[in-house]
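Close look at the chain arrangement
So you can see what is in the structure, the chains are spelled out below.
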Amino acid sequence: MLRGIHKASTNWLGKAVMALVMGTLVVSFAIWGIGDIFRGFGQSTVAKIGGTEITIDQFRNYYTDKMSQLGRRLGRPLSPDQARVLGLDKQLVSQLVAETTLDQKTRALRLGASNDQIAKFITADPSFRGLNGQFDRAAFQQMIRQAGYSEASYVNEQRAVTLRRQLAVSVSGDVKVPASMMDAINRFQNEKRSVELVTLGAPQAGDIPKPDAETLAKYFDERKVLFRAPETRKVVLLVLSPADQARWSVIPDADAKSYYEQHKADYGSPEKRELRQITFANMDDAKATSERVVKSTSFDDIVKERGLKDTDTDLGTITKAEMIDPAIADAAFALKAGEISAPVQGRFATVILQVKKIEPETQKPYEAVADQIKQTMATQRARNEINTLRDRIEDERAAGSTLAEAGKKLGLATRTIDAIDRSGRDTSGDPVANLPQGADIVSAAFSTDVGVESDPLQLPNGGLVWVDVAQITRSHERSLDEVKDQVETRWRDDETATRLKAKSDDMLTKLKAGSTLSQVASENGLKVETVADLQRGKPTPQVGVKTLDAVFRTAKGAPGTSEGEKPSERTIFVVTAIDAPKIEAGSEQAKTLLDNLQRSYSDAIVSEYVAKLENDIGVTINEAAVNQITGGGRTN
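First, a word on what this report is: a plain description of the structure on this page. In this text, all values refer to a predicted model and were calculated from it rather than measured experimentally. (Residues numbered from 1 in each chain as written. Predicted model: local features only at pLDDT ≥ 70, side-chain atom pairs only at ≥ 80, totals over all residues. Heavy atoms only, no water.)

All right, on to the overall build of the protein then. The helix and strand inventory of the protein stands at 25 helices and 17 strands. Here the C-alpha radius of gyration of the protein, 34 Å, is well above what a compact globule of 636 residues would show, namely 26 Å. Each of the three principal axes of the protein carries a C-alpha extent, and together these read 105 × 75 × 65 Å. The buried share of the protein, taken over its 636 residues, is 39%. (Helix = DSSP H or I, 4+ residues; strand = E, 2+ residues; numbered from the N terminus. Rg over C-alpha atoms; globule rule 2.2 N^0.38 Å. Buried < 20%, exposed > 50% of the residue type's maximum accessible area, 1.4 Å probe, protein only.)

Right, let's talk about the sheet that holds strand β1 (residues 45-49) for a bit. Pairing within the open sheet is antiparallel, and its 3 strands lie in the order β2-β1-β17. Lying at the two open borders of the sheet, with one neighbouring strand each, are β2 (52-55) and β17 (619-621). On average, adjacent strands in this sheet sit at an angle of 15° to one another, irrespective of strand direction. On the sheet, helix α5 (residues 88-108) packs against β1, β2 and β17 and is oriented at approximately 145° with respect to β2. (Pairing = 2+ DSSP bridges. Axes fitted to C-alpha atoms, helices over the stretch in contact; angles between N-to-C directions. Contact = heavy atoms within 4.5 Å.)

Attention now moves to the pairing of strand β16 (residues 570-579). Of the strand pairs in this sheet, strand β3 (residues 192-200) and β16 are connected by 9 bridges, and their pairing is antiparallel. In the strand pairing of β16, arginine 193 is matched with isoleucine 578. Bridge count between strand β15 (residues 559-563) and β16: 5 bridges; the pairing is antiparallel. Looking at β16, one finds that proline 559 is bridged to valine 574. Connecting β15 to the next strand, β16, in antiparallel fashion are 6 residues.

Look at asparagine 434: it is not a glycine, yet its phi comes out positive at around 60°. Tracing the sequence through the fold places asparagine 434 in the loop between β11 (415-420) and α20 (441-446). A positive phi angle is found at aspartate 533, which is not glycine, with a value near 60°. Here aspartate 533 shows up in strand β14 (residues 529-534). Accessibility expressed as a relative area gives 53% for aspartate 533, which makes it exposed.

Take the pattern of salt bridges next. According to the stated counting rule, one finds 29 salt bridges in the structure shown. Notably, a salt bridge pairs aspartate 285 with arginine 306, separated by 3.4 Å at the nearest N-O pair. Of the two residues, aspartate 285 sits in helix α14 (residues 283-295) while arginine 306 sits in the loop between α15 (299-305) and α16 (310-313), which places them 21 residues apart along the sequence. Overall, the relative accessible area of 29% leaves aspartate 285 in the partly exposed class. Overall, the relative accessible area of 33% leaves arginine 306 in the partly exposed class. The residue lysine 320 makes a salt bridge to aspartate 330 at a minimum N-O spacing of 3.0 Å. One end of the pair, lysine 320, is in the loop between β7 (314-319) and α17 (326-332); the other, aspartate 330, is in helix α17, and 10 residues separate them in sequence. Note on lysine 320: relative accessible area 39%, which makes it partly exposed. Within the structure, one salt-bridge network assembled from shared partners comprises Arg187, Glu191, Arg193 and Arg536. (Salt bridge = Lys/Arg side-chain N within 4 Å of Asp/Glu carboxyl O.)

Think of an α-helix as 3.6 residues a turn; residues three or four steps apart then line up on the same face. Taking 1.5 Å per residue as the helical rise, helix α9 (residues 179-190) with its 12 residues ought to reach 16 Å, and the 16 Å between its terminal C-alpha atoms agrees with that figure. Of all the residues in α9, the buried ones are Met182, Asn186 and Asn190. Projected down its long axis, α9 shows its buried positions confined to an angular sector of 30°, all on one face. Seen from the buried face of α9, the exposed residues on the opposite side, beyond 90 degrees, are Ser180 and Phe188. (Expected span 1.5 Å × (residues − 1). Arc of directions from axis to C-beta.)

Turning to helix α13 (residues 253-262), a few remarks are in order. Taken residue by residue, α13 has Ala256, Tyr259 and Tyr260 as its buried positions. The buried residues of α13 occupy one face: seen down the axis, they fall within an arc of 105°. Along α13, exposed side chains directed more than 90 degrees from the buried face belong to Ala254 and Gln262.

Before going further, it helps to spend a moment on the sheet that holds strand β4 (residues 232-240). Pairing within the open sheet is antiparallel, and its 4 strands lie in the order β11-β4-β13-β12. Strand pairing shows two members of the sheet lacking a second neighbour, β11 and β12 (457-458), which therefore form its edges. By the bridge criterion, 4 bridges tie β4 to β11 in an arrangement that is antiparallel. What sits directly across from arginine 233, in β11, is isoleucine 420. Along the sheet, helix α18 (residues 366-398) makes contact with β4 and β13 (464-473), crossing β13 at roughly 30°.

Where α9 contacts helix α24 (residues 588-617), the axes come no closer than 11 Å and their chain directions differ by 115°. Seen along the crossing, α9 lies across α24 with a hand that is right-handed. Contact residues: Met181, Met182, Ile185, Asn186, Gln189 and Asn190 in α9; Gln589, Ala590, Leu593, Leu594, Leu597 and Tyr601 in α24. (Left-handed = near helix turned anticlockwise from the far one by under 90°.)

It is worth stressing that arrangement in space is one thing and function is another; only the former is reported here.
Have a look at this one:
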């Protein structure tokens, strides 16, 4: 699993998913190192934690919900194959087991949280605040619905999280972070260095004559493995895309007009009003103020008298649906521009409202959006047709047809890629162009075999892509004649690098003997450059990754050398300054660093605690049941 996580985290999707997953966990729970845990299960049980059993249905719902949440946050669905590559299947089992373990312990300790506590926790969440900075029930319901929760299930989840947090805090306590750790991390993150440097390139290597046949042959024979032809596969692709299928769908005007009437709100904007509001403690106070307004006192005068700021009264320009309180919303949208309301008794307070400006609702006519509606309807119908076509394709394959034959019978276009290697390149070394986006075609092609029927891959737009391997060309040695140009180029690069290494070593010896960089550079016809404020992990155009690493391993005043970013480059440098700023106690930077370190220490402590609990109460996992849900352990 760790190898899979490491591999996955090297690409953008892996980084995004792992950031999202790790962000949802309180600690990292090590379940899969426990020995002898896969044994003795009924077919309906995924795991047993102490006296609690997790059924297949419970884990299926949990797994599906978490995958859906991750997909929504990423903006694209995650396939079971992608989840397994990222280690999410085992990670989610681990998470569920850890949560169940902690829940058992909180029950044993009789920990509890009142409804009022949970309500305060939810209403204080900044994610659910409206335009007025207060808890917005409509926003709350919309957000939890998008995350896959009902109100009841979200409240129950927050109650469980609150109790787990109580237990975790009691275990980890007030962790003290050593000052030496703070200083070390601050230095690592913020230390800056300045250098003087010279760069050696191909001109400094001198004239390198063309290698004779014997030299080139000897070089090739010693490095044949570097020039082997990689394994390639001839693959056939069949892509079903909603957009492509929609091109063949004709939507009658009558159907499009009916859709327009049903979704009219999507093609316009509702009326908006710029509102101000004064809140009163009781109705009597509001009525007394309202009487003064009726006589002559302005809204602005009342605001000034009560010592209110604009931010206290300004609700912004909002729609009626964006207002939390129905009574206040009705009153606000019954006024004319410039009018001030009578006192309104709302759900949470009594208010007086003023309408400063009204933006009328807008509605695009059907004719202006007809093409857009027809495209939307065609795409929706195409998604349904794709399911039908999928079944027909699978029927043809089950009857013995190849993917290409099935496509031809059904009038569906296929694409043949004559050769693609594991890096997605063709035999000339160029990337294969126009592969379907959102599906790992290369991994699919190299995880199956000729004649094996693999399941289609899911595309982000709701489409499908089938990958059929028609032929496999194994990795093999190539003759010198086949790769002569590549061999000569590599030989020249190596010869250049050898000469530059010898020259840089000679220059470095002189520097260590007391010569200045300017003197050594002048002797070799080179120009000295000065680069300031270098930081770890932040290469610059003059200082690449390899040189930057060497700079931060070299003492102040000392010379150093490193390879360049290309074989034909080498850098000689002198570290001229090191600035290690001290972190200021009480600063925002110090607070952030302290919070992160405390969280890290706390997570480590709680992780050990959970592992001990699991060991004490006993955890057993039914791997076959897990694979049944996540698709693990399948063979093609």
